[in-house]
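Observations on the model geometry
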There are 2 protein chains.
Amino acid sequence: MKILLHPDKADIHLSSVLYALSDPVRLSIISEVRKAGECTCGNIEVPVVKSTLSHHARTLREAGVVKVRVQGTQRFLSLRTDDLEERFPGLLASVLDAYDTSDEKITLSHLE
Amino acid sequence: MKILLHPDKADIHLSSVLYALSDPVRLSIISEVRKAGECTCGNIEVPVVKSTLSHHARTLREAGVVKVRVQGTQRFLSLRTDDLEERFPGLLASVLDAYDTSDEKITLSHLE
DNA sequence: TTAATAGTTCGATTGTTGTCGAACAATAGA
DNA sequence: TCTATTGTTCGACAACAATCGAACTATTAA
């Protein structure tokens, strides 16, 4: 089984996290992950093909935003809430709250 | 005199703001602006030439992060603290606090 | 063993970004 | 009017990123 690299908490960098969060598709992903607590790539509804989704999941993982747990053929994503809170207090919550109350949310209707 | 375009408060978008904040040079700029309250491009110490600095200032302005006030040949930058707080409560403060307590700060020593 | 499922990786394409230097514009001061 | 000073714009370049489809890997189920 392949090892998925996650940065240590101390190696999570502000600019990388902000960059990872600056893409509408990735904002949508982490918003869904927060709601579900944990979810597989297949359960995330975003208007991109799965190779693109995989790329975004990797970006989020490598930036330290999400943790990916492997179980069988599935990968469960969850937010690194505690690590992020410790490194950047309040940041993740303010981003997620802002996203959920914004009109920037993307949905499958973007495919039409 | 040229008119500098600033987005209306309602047109400030989360992903654009996060993107604008995801560059180390731009983080350094807004950190200096916060400390000074208002400052000109010339007073900002970043390890880039002035055309690059001008480009970053424009990115921050167009994202809605800073306001630029023209006085003579100088442009005074200030943070759009109130607008950002209203749109994305807590976001700017958490980013600036995280930056100032991080070890990611860039200085002129990066030129050496 | 075969087939289905869940994701990843790769190559290609298209577009964006950060950077610089040179040229330009606008203002202030002598 | 001449000359600094301050900053913008432009062109070029190299690096990077978002996207897709196709091929691939790994696991589970039949």
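Summarised in this report is the structure supplied together with it. Because the structure is predicted, anything quoted here is derived from the model rather than measured.

Moving on, we come to the relation of the copies chain B and chain A. Its rotation angle being 180°, the transformation that places chain B on chain A also includes 0.0 Å of axial translation and leaves an RMSD of 0.0 Å. One copy is carried onto the other by what is essentially a two-fold rotation axis. Taken together, the interface assignments show that 100% of the residues at the interface of chain B recur at the interface of chain A, consistent with an identical surface on both copies.

Another aspect to go through is empty space enclosed by the protein. All names here are of chain A. Applying the stated rule across the entire model yields one cavity of 30 Å³ or more. Estimates place the volume of the largest cavity at around 40 Å³. Those elements that place two or more of their residues in the lining of the largest cavity are helix H1 (14–21) and helix H5 (91–100). Its residues assigned to classes, the lining of the largest cavity comprises seven nonpolar, no polar and no charged.

What follows deals with the interface of chain B and chain A. Listed per partner, the contact involves 18 residues of chain B and 18 residues of chain A. It is Leu14, Leu18 and Glu104 of chain B that lose the most area in chain B upon contact with chain A, and together they represent 32% of the buried surface on that side. There are zero salt bridges connecting chain B and chain A. Where chain B meets chain A, there are four residue pairs in polar contact (both at pLDDT 80 or more). Counting only elements with at least two residues in the side of chain B that touches chain A, the list comes to helix H1 (14–20), helix H2 (24–36) and helix H5 (91–100) of chain B. For the side of chain B that touches chain A, the element with the most residues is H5 of chain B, which contributes five residues. Among the residues making up the side of chain B that touches chain A, the classes are represented as 12 nonpolar, five polar and one charged.

Residue and element names in this part refer to chain A. Inspection of every chain in the model, using the stated rule, returns 12 salt bridges over all chains. The salt bridge involving Arg80 is made with Asp83; its shortest N-O contact spans 2.9 Å. Of the residues examined, Arg80 reaches a relative accessible area of 10% and is grouped as buried. Since its relative accessible area comes to 23%, Asp83 is described here as partly exposed. A cluster of three or more residues bridged by salt bridges with shared partners is formed by Arg34, Asp97 and Asp100.

Rules used in this analysis
- Per-chain numbering applies: the sequence of each chain, read as written, is numbered from 1 onward.
- For naming, the first written chain is A and the first written ligand is 1, with later ones following in the order written.
- With the structure being a predicted model, the display of local features is reserved for residues of pLDDT at least 70 and the display and counting of side-chain atom pairs for 80 or more, all residues being used for whole-chain, interface and lining totals.
- Each side-chain value is derived from all of the structure's non-hydrogen atoms; neither hydrogens nor water enter the calculation.
- Residues reaching a pLDDT of at least 70 in both copies supply the C-alpha atoms on which the copies are superposed by least squares.
- Residue contacts are counted whenever heavy atoms from the two residues lie within 4.5 Å of one another.
- The rule is simple: put a 1 Å grid over the protein atoms alone, call a set of points where a 1.4 Å probe fits but cannot get out a cavity, call an open set with protein on both sides within 12 Å along at least five of seven lines a pocket, and count a residue as lining if it has an atom within 4 Å of a point.
- Grid points are joined across faces, edges and corners, and a volume is the space filled by probe spheres set on the points.
- Segments assigned H or I by DSSP are reported as helices when at least four residues long, segments assigned E as strands when at least two residues long, and all are numbered from the N terminus.
- Residue polarity is assigned by list, with Asp, Glu, Lys and Arg as charged and Ala, Val, Leu, Ile, Met, Phe, Trp, Tyr, Cys and Pro as nonpolar; anything else, Gly included, falls into the polar class.
- Defined in terms of a 1.4 Å probe, buried area is the accessible area two parts forfeit on being brought together, summed over both.
- For this document, the term salt bridge refers to a Lys or Arg side-chain nitrogen within 4 Å of an Asp or Glu carboxyl oxygen.
- Within 3.5 Å is the distance limit for a polar contact, defined as a pair of N or O atoms, with the added protein rule that one can donate a hydrogen and the other accept it, and that residues adjacent in sequence qualify only through two side-chain atoms.
- Only protein chains enter the accessibility calculation, which uses a 1.4 Å probe. A residue is then buried if its area is under 20% of the maximum for its type, exposed if over 50%, and partly exposed in between.

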